Every structure is written in structure tokens, then in C-alpha cells.
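# A look at the structure
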Amino acid sequence: MSAPQTTLDQVVANGQADHIHVSDALGFATASDTDDLILVDSEFMLVTSGMGGQTWYVTRGYAGTTAAHHDSGATVTRIVRGYTDLSRIKTQIEITDTDDDAILLAFIDSANAEITNRIGFFAGPSTDSVRVYDGWRCDSGTKLVIPGGIRSLSAVRIKESTDGSWLTTTLSDFYLRPLTWDRRAGSPAKWIEISDTAANSNSYFYAGYETIEVTGTFGWAEVPDDLAKLADMLVVRMWDFRDAGPETGRMPTPSRFVFPDDAALLEEYRREYMDGIY
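What counts and what doesn't
- Residues numbered from 1 in each chain as written.
- Predicted model: local features only at pLDDT ≥ 70, side-chain atom pairs only at ≥ 80, totals over all residues.
- Heavy atoms only, no water.
- Pairing = 2+ DSSP bridges.
- Helix = DSSP H or I, 4+ residues; strand = E, 2+ residues; numbered from the N terminus.
- Axes fitted to C-alpha atoms, helices over the stretch in contact; angles between N-to-C directions.
- Contact = heavy atoms within 4.5 Å.
- Buried < 20%, exposed > 50% of the residue type's maximum accessible area, 1.4 Å probe, protein only.
- pLDDT = per-residue confidence, 0-100.
- Parallel < 35°, antiparallel > 145°, perpendicular 65-115°, else oblique.
- Left-handed = near helix turned anticlockwise from the far one by under 90°.
- Nonpolar A, V, L, I, M, F, W, Y, C, P; charged D, E, K, R; others polar.
- Expected span 1.5 Å × (residues − 1).

Sheet analysis places strand β9 (residues 143-158) next to strand β11 (residues 189-194), joined by 4 bridges and oriented antiparallel. Bridging from a neighbouring strand, K143 pairs with E193 of β11.

The next thing to look at is the sheet that holds strand β12 (residues 212-218). Judged by pairing direction, the sheet is antiparallel, and its 5 strands sit side by side in the order β8-β12-β9-β11-β10 without closing on themselves. Two strands lie at the open edges of the sheet, namely β8 (130-133) and β10 (174-177), each paired on one side alone. Recorded for the sheet is a direction-independent mean angle of 40° between the axes of neighbouring strands. Most of the contacts of helix α4 (residues 260-274) go to β9, to which it runs at about 25°, and overall it touches β9 and β11.

Let us now look at the side chain of E213. For E213, the position within the fold is in strand β12. The class of E213 is buried, set by a relative accessible area of 16%. When neighbours within four sequence positions are excluded, E213 is seen to be in contact with V130, R131, V132, A155, V156, R157 and W166.

Quick look at the confidence of the model for the chain now. Averaged over the chain, the pLDDT score is 74; the fraction of residues at 70 or greater is 64%. Per-element confidence in the chain is highest for β12, whose mean pLDDT is 94, and lowest for strand β1 (residues 6-7), whose mean pLDDT is 37. Between residues 1-36, whose pLDDT stays under 50, and residues either more than four places distant or in other chains, the model counts 82 contacts.

Contact geometry for helix α3 (residues 225-240) and α4: axes closest at 11 Å, N-to-C directions at 140°. Relative to α4, the element α3 is oriented oblique. In the packing of α3 onto α4, the handedness of the crossing is left-handed. Counting all contacts with α3, which are made through D226, L227, L230, M233 and R237, the residues of α4 involved are D262, L265, L266 and Y269. Of the residues that constitute the contact of α3 with α4, the class distribution is 6 nonpolar, no polar and 3 charged.

A separate point is the pairing of β12. Taken across its 7 residues, β12 has 5 buried, putting it largely inside the fold. Pairing analysis gives 7 bridges linking β9 to β12, with the strands arranged antiparallel. Looking at the pairing, V156 lines up with V214 of β12.

Time to look at helix α2 (residues 101-119). Along an α-helix, residues three or four apart share an orientation, since each turn contains 3.6 residues. Look at α2: 27 Å from first C-alpha to last across 19 residues, which is about the 27 Å you get at 1.5 Å a residue. Buried within α2 we find D101, L104, L105, F107, I108, S110, A111, N112, E114, I115 and I119. In the core, the buried residues of α2 are packed alongside α1 (86-92), α3 and α4. Once α2 ends, the next one or two residues include G120, with phi positive near 95°.

Here you go:
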């Protein structure tokens, strides 16, 4: 990134505003910057053209061209850090005005958090490319489980101990597993394994703290369809029951709308991508 990540939490909150104006005065970028990350609440905007001296208009909860635009037409890609968004929900409940956007966004945030908390990671695109892991998780073995999965591998570095130096490794000594045809459609690999005939790398991950560094593409390329549909259902259930029962006048608790089949689905994701880590 050419400029540090900037957090704008609470700028659009409580229905006080439905968009924000962002300019260089906030320190995002200069005319020469070409790759800057803007974070608006739980939604990431990856700016793929320099901001220059122009103003950005960023709307929380919306996808596509309605999410953000630039005075001079530069490109923005919205990387969703949630399983559903406002435009999806409003289509399902057939709302076209903005009167209830604030409460719907609150429901969306709580549904997204409920799913992520239950499975232990965000099952979707990740914006980071380098992660450091503790070697003790591998128990001096050949297998490193990656929470949330990994789609591609660019480099691996290892140390013999916590205070050791990075050792020379060869990328071809490391494998992503399971193989593509052994995974659910669209899902990333679950772990990295060292070859049993490693030519230029040590044959196992050493125990210690921050002894493994992985560079690659992490997470799902897209949010899994079954989790997106579950998030939609949770929000619609909260919306339908917002004025009913003992929680009238309060934010419905998303956990009460997670039915047994839903819980089983989330537990399947948790087991598949978190078991073996701790």
C-alpha cells in the first residue's frame, strides 16, 4: 500500500448521514499514489487509481457504482468484509426508500459478526498478503493450518527458534492442500505442507513464536453462497421480528435466529478451517 490504512469508523452511523466525502486533507493519498485502502466500518474500498486532489463519495452499505465514485472517474473496487449488504437486503424485503437504512445496517452488522464469530474467521476475500504464524501450532511438524484458508502461495520463510534468523527456503518445497478436487467448490486450501523430499528447505516447521512467514492470497475469492444466503435470512428474520416479542424496542439478538440447520452449517465451516490450530 502506498499510504497507510485509514479507518473511518462511526463517520456514517446512527442514520446521521448516508455518505461521506473524503479528500486529500484526511491524508489518504497524493496524485502519484495508485493503491490505497479505505476502510468504512466493515467494508473495504480498494482504490486502484490515485486520489490526487479530487473528492471521493463513499456510501456505506451499497455495492457496485453506488458504493463509491470519484469526481474524475477513477476506479474503486469494493471488497466486502461481510456476508451480505444493504442492497441485497432491501431487494429481498422490497424496500426502495432510505428511511430504514440505519436499522437495516445495524441488523447486517450483527448478522455478519454472528457468522464470523461462530466459524472463527471471515469466509471471504482478504486484503492482506503476508501473515506470520507461531511454529508451536505445528508441533514441529510438516503441516501449517491456515485459518480461513489460502488460495495461492508466493513465499514461505521459517526460523529455527523465536529469536532465530530467517532461513533460505524454496517455494517448490511447499504444497497447498487439500488438492483442488478434494475441496468444496470455490474454497481455498486449508493448510501448507512441506515436501518429504525438500531440496533447499528444512523438512518441518520449528516450534517457537512468529517462526513462520507466509506470503500469498488468503481466504475465499468470494463469500460462499450458502453463508451469504444465511446472512440474508438472519437479517430478514430480525427485520420481521423487530416489533414482536419481549425484545420490542431493542436490537434483536441474531443468535436467537440461528436455527439448528444454520448452526450445523456454521459448525461445519469452523471444523473444516479451524480444527487443528489450537
